Amino acid sequence: MPKITKVGRVMVPVSDQDQAISFYTTRLGFSVAADVPFGDGDRWVEVAPPGGGAAVALVPPQGGNQLMIVQAQ
């Protein structure tokens, strides 16, 4: 069986992309790798950890895939 040796991107459904960007950048120290419009009013947003690694795509929920953002206090 082949081994997975690298993860390039992980899609995380979020209810509010701007709030998620704020959380990942201010709380976790990630940087915005992409924030581009696509489709009918949608955005493709990616954040990445310092020093590289897997990017996190912050996508709107679709169907039953929903994740709430919990802010750290």
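This text follows the structure it describes.
Please read all numbers here as calculations on a predicted model, not as lab measurements.

Draft legend 1. Representation of the packing of aromatic side chains in the model. Inspection of the entire model under this criterion finds 2 aromatic pairs. Between F23 and Y24 the ring centres are 5.6 Å apart and the planes differ by 90°, which places this aromatic pair in the edge-to-face class. Judged by relative accessible area, Y24 falls into the buried class, the value being 16%. Among the aromatic residues, ring-to-ring pairing joins F23, Y24 and F30 into one connected group.

Draft legend 2. Local environment of the pairing of strand β2 (residues 31-38). Both β2 and strand β3 (residues 42-48) contribute to a ladder of 7 bridges, which runs antiparallel. Directly across from V32, in β3, lies its bridge partner V47.

Draft legend 3. Summary view of the sheet that holds β2. Sheet architecture is open: 4 strands sit in the order β1-β4-β3-β2, paired in mixed fashion. Both outer strands of the open sheet, β1 (9-13) and β2, are each paired with one neighbouring strand and no more. Neighbour-to-neighbour, the strand axes of this sheet turn through a mean angle of 20°, independent of strand direction. Strand direction decides the pairing type here: β3 and strand β4 (residues 55-59), joined by 3 bridges, are antiparallel. Considered in β4, the bridge of V47 is made with V56.

Draft legend 4. Broad picture of the pattern of salt bridges. Tallying each qualifying case throughout the model produces 3 salt bridges. Salt-bridge contacts for R43 lead to D18; the nearest nitrogen and oxygen are separated by 3.0 Å. One end of the pair, R43, is in strand β3; the other, D18, is in helix α1 (residues 17-27), with 25 residues separating them in the sequence. Note on R43: relative accessible area 21%, which makes it partly exposed. Within the structure, one salt-bridge network assembled from shared partners comprises D18, D35 and R43.

Draft legend 5. Structural context of the environment of G52. With respect to the secondary-structure elements, G52 resides in the loop between β3 and β4. Exposure remark for G52: the relative accessible area of 39% places this residue in the partly exposed category. Each C-alpha atom, one on G52 and one on F30, is 9.5 Å from the other, the two residues being 22 residues apart in sequence.

The rules behind each value
Residues numbered from 1 in each chain as written. Predicted model: local features only at pLDDT ≥ 70, side-chain atom pairs only at ≥ 80, totals over all residues. Heavy atoms only, no water. Phe/Tyr/Trp six-rings, centres within 6.5 Å; stacked < 30°, edge-to-face > 60°. Buried < 20%, exposed > 50% of the residue type's maximum accessible area, 1.4 Å probe, protein only. Pairing = 2+ DSSP bridges. Helix = DSSP H or I, 4+ residues; strand = E, 2+ residues; numbered from the N terminus. Axes fitted to C-alpha atoms, helices over the stretch in contact; angles between N-to-C directions. Salt bridge = Lys/Arg side-chain N within 4 Å of Asp/Glu carboxyl O.

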